[in-house]
Amino acid sequence: MTGPASFSWPPAPIGTARLVLRESEARDRAAFVELFASPEVRTYLGGPHPRDELERAVPEVPGRRPGLFVVELDGAMIGTVTLEQRDAERPGRLRPDGGCTELGYMFLPEAWGSGYAAEACSAALDWFADALPGEPVALCTQVANAPSMRLALKLGFTEVMRFEEFGAEQWFGVSSPVAPHQR
Ligand SMILES: CC(C)(COP(=O)(O)OP(=O)(O)OC[C@H]1O[C@@H](n2cnc3c(N)ncnc32)[C@H](O)[C@@H]1OP(=O)(O)O)[C@@H](O)C(=O)NCCC(=O)NCCS
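Residues numbered from 1 in each chain as written. Predicted model: local features only at pLDDT ≥ 70, side-chain atom pairs only at ≥ 80, totals over all residues.

A. Molecular detail of the site of the ligand. Taken together, 20 residues lie around the ligand, and F107, G115, A117, A118 and P147 are the ones closest in. Elements that contribute at least two residues to the shell around the ligand include exactly β5 (101-107), α3 (116-131) and α4 (146-154). Class assignment of the residues belonging to the shell around the ligand gives a composition of 12 nonpolar, 7 polar and 1 charged. (Near = placed C-beta within 6 Å. Helix = DSSP H or I, 4+ residues; strand = E, 2+ residues; numbered from the N terminus. Nonpolar A, V, L, I, M, F, W, Y, C, P; charged D, E, K, R; others polar.)

B. Here's a closer look at the sheet that holds strand β1 (residues 14-15). Read across the open sheet, the 8 strands follow the order β1-β2-β3-β4-β5-β6-β8-β7; overall the sheet is mixed. Looking along the sheet, the strands with just one partner apiece sit at the ends: β1 and β7 (157-165). The sheet contact formed by strand β6 (residues 137-142) and strand β8 (residues 168-175) spans 6 bridges and is antiparallel. Residue pairing in the sheet places Q142 in a bridge with Q170 of β8. Sheet strands in contact with α4 are β6, β7 and β8, and its direction is about 155° off that of β6. (Pairing = 2+ DSSP bridges. Contact = placed C-beta atoms within 7 Å. Axes fitted to C-alpha atoms, helices over the stretch in contact; angles between N-to-C directions.)

C. Region of interest: the pairing of β5. Burial within β5 is extensive, with 5 of its 7 residues counted as buried. Note that strand β4 (residues 76-85) and β5 share 7 bridges and pair antiparallel. When the bridges of β5 are listed, E84 appears paired with E102. Both β5 and β6 contribute to a ladder of 3 bridges, which runs parallel. Within β6, the position partnered with L103 by the bridge is L139. Following the backbone out of β5, through α3 and into the adjacent parallel β6, one traces a crossover that is right-handed. (Buried ≥ 20, exposed ≤ 12 C-beta atoms within 10 Å, placed from the backbone. Right-handed = clockwise from strand over helix to strand, strands pointing away.)

Here it is in structure tokens:
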């Protein structure tokens, strides 16, 4: 068995040059609501959710599950990075059984354009390579999502396949497993 169920969670907070990656806390709730309500953030993710619905439905401590890192800058949440099991029923697979770990990322618009997403994803991938050595990571993004495509390539993901889903062309790539010291 491989994938998120196989690592111990949560890890100690991970510090990078500018950021901290950690488990979610109650103080992150407003930023979670903002991420899911933002038309900019949700442009390629099925559109924004109604804010009043989110205010009712988002739990007191949102996003507390294995594989979800809150990314913090100067003490405040700016986004999330996830390493979670990809739904085996969806197109895009690295193994015949369909199971694989997938990288996901969402950042608040005010945090775009500073390299924070790349810095956080890279740290999460390093952590994952230590936790499950040799385990590949998948990434799926709409081809039209140019910032996300740039990030995928910058992180070293390479194309496995493209397919149509949700009425859009999707890019499905894999990060070859490399030891953190090789990054
Ligand atoms: C996808 C997403 C995370 C990319 O964010 P981003 O800030 O563009 O990504 P990066 O962290 O790689 O930052 C790159 C940009 O920072 C700039 N930058 C500025 N200072 C930098 C620094 N110190 N180091 C690195 N890059 C820096 C780069 O030049 C680049 O700018 P450009 O986009 O104009 O070329 C963001 O657009 C997002 O959250 N989108 C909504 C959610 C989403 O669509 N997720 C995809 C799910 S599949």
